[in-house]
Amino acid sequence: MAMGKYSRVDGKKSSGYGLTITIVLVVSLCLVGAWMFMSSWSAPTESVDFSSNQTPKDVETTTKTYFTNEEFDKGSKTEETEVVTESNEEKPDPESSGEEKTEQVEEKKEFEDKNGEGDRKDGEGESESDETKQKEKTQLEESSEENKSEDGNGTEENTEENTEKKTEDSAGETEENTEKSTGDQAEITKESSSGSGAWSTQLVESQNEKKAQVSSIKWKVCNVTAGPDYIPCLDNWQAIKKLHSTKHYEHRERHCPEESPTCLVSLPEGYKRSIKWPKSREKIWYNNIPHTKLAHVKGHQNWVKMSGEYLTFPGGGTQFKNGALHYIDFLQESYPDIAWGNRTRVILDVGCGVASFGGYLFDRDVLALSFAPKDEHEAQVQFALERGIPAMSNVMGTKRLPFPGSVFDLIHCARCRVPWHIEGGKLLLELNRALRPGGFFVWSATPVYRKTEEDVGIWKAMSKLTKAMCWKLMTIKKDKLNEVGAAIYQKPMSNDCYNQRSQNEPPLCKDSDDQNAAWNVPLEACMHKVTEDSSKRGAVWPESWPERVETVPQWLDSQEGVYGKPAQEDFTADQERWKTIVSKSYLNGMGIDWSYVRNVMDMRAVYGGFAAALKDLKLWVMNVVPIDSADTLPIIYERGLFGIYHDWCESFSTYPRTYDLLHADHLFSALKKRCSLVSAMTEVDRILRPQGTFIVRDDMETIGEIEKMVKSMKWNVRMTHSKDGEGVLSVQKSLWRPTEVETVTWAIA
């Protein structure tokens, strides 16, 4: 009984137990199903978060180098290279703990201090935001205020649009880094997006469109009247034909097309790599610039001559047919205070011809920036650049020259064909704006030494004008060997003479007139007062060269620097940073043959630290300060270097194939918010010589876009390096040109 009773109870318990297990299993299956259903949907990539107790793994620094000694042939394909990944692990969310951010910042600073390879040092990583806070005025703001036009809205309009674009770019960078990553991060990405079903995200859509635009580029060769010598802003025939007047050389000024071209400029038939400096000063390949007009017209003055497969340059000029070096010494002897390469370091040569004057001043430690218009003197500036001499296409027309005020130590004009004395001396007053107080104007022209009726009349008019401008005639000397003469004037260093003039003619400029405003600002026939306050720029002459290049200007005392520190500290930190980067990386770690590097451009110079770090090499650097960046160009001139203002949404005023090396530090990530990155890279291709080097430092998203584009142009990727979202890319341009042609209608004469 007991057993039976117990057995009946066990039977009941077994039946209830099985039912319970069945219910538990059903509920469990439901819960598992619900969990699986919920886990099959994931949030967009940008919402992935890490809790504060998660510590990210060390960020990996990746460097890839690709060096080859093979010569490039036309149509040759570049080495296939992988896109460098920034990290092998998922990055923490921007809202994660401050402790994680501090660790990353300290890690980045430690890396930069040790290697000199980090893109930004001492807060420099935030330079773009710092600049937009208007710690220093940009050239765009200065010029806009000077023009008093609606263009002044350029840096403020479309704020909402720019904010949206920044958000999109930031999201794009996240997606780019996620897609490129490997290991755990790649697994996380795949898992979270595998079940997204029919739903897409704005992040994916926008990034895919960017990639499609880059990958879908089909390069074509420009069909234009200028052919291989095409300069978009100077060869806009559609705009030139609509000009109402050319009296003031308006047709030689810049007329940029509404949309920058995206076709590639053709190569001259038989083009060869440029001859190395200093041999290039004496001869260049004829096929590179196959123009003979100047050889026929100016050969007797020793400008240029034909010699087989070369164009040769005996070193002469209209005023120094027996050689530039003799003429340079003649000027020094005429007035010893000029002191070439000591007191006088940076000069402007107006109407330069083939720039032999500037070419031989290198032997005296002088930098001469030469300019002339693209006119009937066929290819004169192009010859200068091919020879390795600093030059640019420009004209004394209706607008200010693209330089700050009071920066050149000396300005030179040797038969430069500029009518200085007419229209109230407007053109000479523009030189007065650019000339440093105490600087010299050297005028070597026929009115100085000839007695024809016309020359005598011009001399009288010039004498009256220069006296009214308070320029002091220091000396007039005659060069017996060349049978020419030169008059040397000096600009005053105080306002005493201006205040004592009986007539206010030429008039003094209004106090509101900013002498540094130079981008598309119309000329005015007025003079700016000189600075007499020793704490301000222009009141004290800079240190002698070469001490000048590393001396912090005293007038920076009261300013805040571009990178947020006091300006003098900023200057020093920038200088040391570029010394480290250039010595440890550029000169030794990129496989660049520096013997072929002569013409260099820093596309976004700040304090000129990159150029200063290269000062001991036999090269020169064109320092470009973009018009929407802090206006630091006066500092660059104070260091004994030179540069120019420019808007990289437009073409540069130079011929194709004129620079051996282009350097861009955080330029393109900001530029692509204003204009097309494709057209900007088209301009890079235009001005860089085949087999020249292009170095880019920027965020990894921008580096990735540029890398895809240069590969599509068959350029050779030499080195890539990434760290913590920032990257460096070094590439070498090839000789490749597309086979398809695109006609640029507005560039057809």
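Just so we're clear, the structure is a prediction, and the values are computed from it rather than from any experiment.

1. A short note on the pattern of salt bridges
Step number 1: If you walk through the whole model with that rule in mind, you get 27 salt bridges.
Step number 2: Residue Arg281 is joined to Asp363 by a salt bridge in which the shortest nitrogen-to-oxygen separation is 3.4 Å. Remark: Asp363 occurs in the loop between helix H11 (356-361) and strand S7 (367-372) and Arg281 occurs in the loop between helix H8 (237-240) and strand S3 (283-285); sequence separation between them is 82 residues.
Step number 3: For Lys579, the salt bridge identified is with Glu550, shortest N-O distance 3.2 Å. Here Lys579 is found in helix H17 (residues 567-586), whereas its partner Glu550 is found in the loop between helix H16 (496-500) and H17, with 29 residues between them in sequence.
Step number 4: For Glu550, a relative accessible area of 37% translates into the label partly exposed.

2. Examining the state of the cysteines
Step number 1: Under the definition given, this model contains six disulfides.
Step number 2: Across the disulfide from Cys222 sits Cys263; the S-S distance is 2.0 Å. Every disulfide takes its handedness from the sign of the S-S torsion; for Cys222 and Cys263 that torsion is 105 degrees, giving right-handed. Within this pair, whereas Cys222 is found in strand S2 (residues 221-223), its partner Cys263 is found in the loop between H8 and S3, the two being separated by 41 residues in sequence.

3. Some thoughts on the environment of Met392
Step number 1: With respect to the helices, strands and loops of the structure, Met392 is situated in strand S8 (residues 391-393).
Step number 2: Taking relative accessible area as the criterion, Met392 reaches 1% and is therefore assigned buried.
Step number 3: Once the C-alpha coordinates of Met392 and Gln380 are considered, the two residues, twelve residues apart in sequence, prove to be 9.9 Å apart.
Step number 4: Apart from residues no more than four positions distant in its own chain, Met392 is found in contact with Leu369, Ser370, Phe371, Ala372, Val381, Pro402, Phe403, Ile644 and Ser653.

4. Quick word on the side chain of Asn394
Step number 1: Secondary-structure assignment places Asn394 in the loop between S8 and strand S9 (408-414).
Step number 2: Residue contacts for Asn394: discarding those within four places in its chain leaves Phe371, Ala372, Pro373, Leu401 and Pro402.

5. Considering the environment of Trp219
Step number 1: Note that Trp219 resides in the loop between helix H7 (202-215) and S2.
Step number 2: Separated by 523 residues in the primary sequence, Trp219 and Glu742 place their C-alpha atoms 9.1 Å from one another.
Step number 3: Those residues within four positions of Trp219 in sequence are excluded, and the remaining contacts are Thr262, Leu264, Val678, Thr682, Met709, Ser712, Met713, Trp736 and Pro738.
Step number 4: A distance of 2.8 Å separates the side chain of Trp219 from the side chain of Ser712, its partner in a polar contact.

Rules behind the numbers
- Residues numbered from 1 in each chain as written.
- Predicted model: local features only at pLDDT ≥ 70, side-chain atom pairs only at ≥ 80, totals over all residues.
- Heavy atoms only, no water.
- Salt bridge = Lys/Arg side-chain N within 4 Å of Asp/Glu carboxyl O.
- Helix = DSSP H or I, 4+ residues; strand = E, 2+ residues; numbered from the N terminus.
- Buried < 20%, exposed > 50% of the residue type's maximum accessible area, 1.4 Å probe, protein only.
- Disulfide = S-S within 2.5 Å.
- Contact = heavy atoms within 4.5 Å.
- Polar contact = N/O pair within 3.5 Å; in protein donor to acceptor, adjacent residues only side chain to side chain.

That is the geometry; function is a separate question.
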